[in-house]
Structures are given as structure tokens and as C-alpha cells.
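Here's the letter readout for the chains.
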Amino acid sequence: MAGGQRGKKKKWAKGKVREKAFNMVLYEKPAYDKLLTEVPKMKLITVATVVERLKVNGSLARRSILELEEKGLIKCVVRHHKTMMYTRSA
């Protein structure tokens, strides 16, 4: 067999296993209070920053940001279908 198999057969890479994030899907009182006090003071507010700070899931973070905007605590800088960027309103 010319040019046959040299050495061992290639194995598939196992791939890296990511840690599962257990984020909240509903607010509890301390987390909601933290939303109302901490988030409006942040310089850059995006869905990702709210998820990271408050440990909530993305859909809850989006609704929270819209609620803060309606209350006038934050203002929109960029509104795009992929990302929304807000800043403190002061």
C-alpha cells in the first residue's frame, strides 16, 4: 500500500466544556433594589453589563433596561436591532 497510514489514527478533539451560568429569571427584592441603585450610576449600560453585574438572564436584562429608560433613570445612546447602549441620565 503506497502512502498508507503512517503512525496512529487521528482522534477527534474533545472540545472545551464551558461552565453553565445559573442566572436568575425573575427578580428577588435585593436584586431589584440593586438594579434601581447600581445600574443608573453605570457609565455604559448594555444587556451584557446588566447580566454580568446582577446575574440575571438576557431577556430579563433587556426588560429591565427598558423599564429604567421609561422611568427616566437612563438614556439611550445607540438603539440597534442587535445591541442597545445606554448611559446614565444626568
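Just above, that's the structure.
This section reports on the structure supplied with the text. (Residues numbered from 1 in each chain as written. Predicted model: local features only at pLDDT ≥ 70, side-chain atom pairs only at ≥ 80, totals over all residues. Heavy atoms only, no water.)

## Some details on the environment of Ser-59
With respect to the secondary-structure elements, Ser-59 resides in helix 3 (residues 58–71). When the C-alpha atoms of Ser-59 and Val-25 are compared, they prove to be 8.2 Å apart, with 34 residues separating the residues in sequence. (Helix = DSSP H or I, 4+ residues; strand = E, 2+ residues; numbered from the N terminus.)

## A word on the packing of aromatic side chains
Applying the stated criterion across every chain yields a total of one aromatic pair. Between the aromatic rings of Tyr-27 and Tyr-32, the centroid separation amounts to 5.7 Å while the plane-to-plane angle is 65°, which identifies the pairing as edge-to-face. (Phe/Tyr/Trp six-rings, centres within 6.5 Å; stacked < 30°, edge-to-face > 60°.)

## With respect to a nonpolar patch on the surface
On the surface, a cluster of nonpolar side chains totalling about 320 Å² of accessible area is made up of Leu-44, Val-77, Val-78 and Met-85. Position of Val-77 among the secondary structure elements: in strand 1 (residues 74–79). Using a relative accessible area of 54% as the deciding quantity, one classes Val-77 as exposed. (Patch = residues over 30% accessible without salt bridge, like charges linked within 9 Å, V, L, I, M, F, W, Y side chains within 5 Å. Areas by Shrake-Rupley, 256 points an atom, 1.4 Å probe, with all protein chains shown as cover. Salt bridge = Lys/Arg side-chain N within 4 Å of Asp/Glu carboxyl O. Buried < 20%, exposed > 50% of the residue type's maximum accessible area, 1.4 Å probe, protein only.)

## Regarding the environment of Leu-54
Tracing the chain through its elements places Leu-54 in helix 2 (residues 47–54). The exposure class assigned to Leu-54 is buried, which follows from its relative accessible area of 6%. Taking the C-alpha atoms as reference points, Leu-54 and Lys-34, 20 residues apart in sequence, are found 7.7 Å from one another. With sequence-adjacent residues up to four places away left out, Leu-54 is seen in contact with Met-24, Tyr-27, Ala-31, Lys-34, Leu-35 and Val-39. (Contact = heavy atoms within 4.5 Å.)

## What about the pairing of strand 2 (residues 84–88)?
Bridging between strand 1 and strand 2 involves five bridges; their strand directions are antiparallel. Note on strand 2: the bridge partner recorded for Cys-76 is Tyr-86. Connecting the antiparallel pair strand 1 and strand 2 is a turn made up of four residues. (Pairing = 2+ DSSP bridges.)

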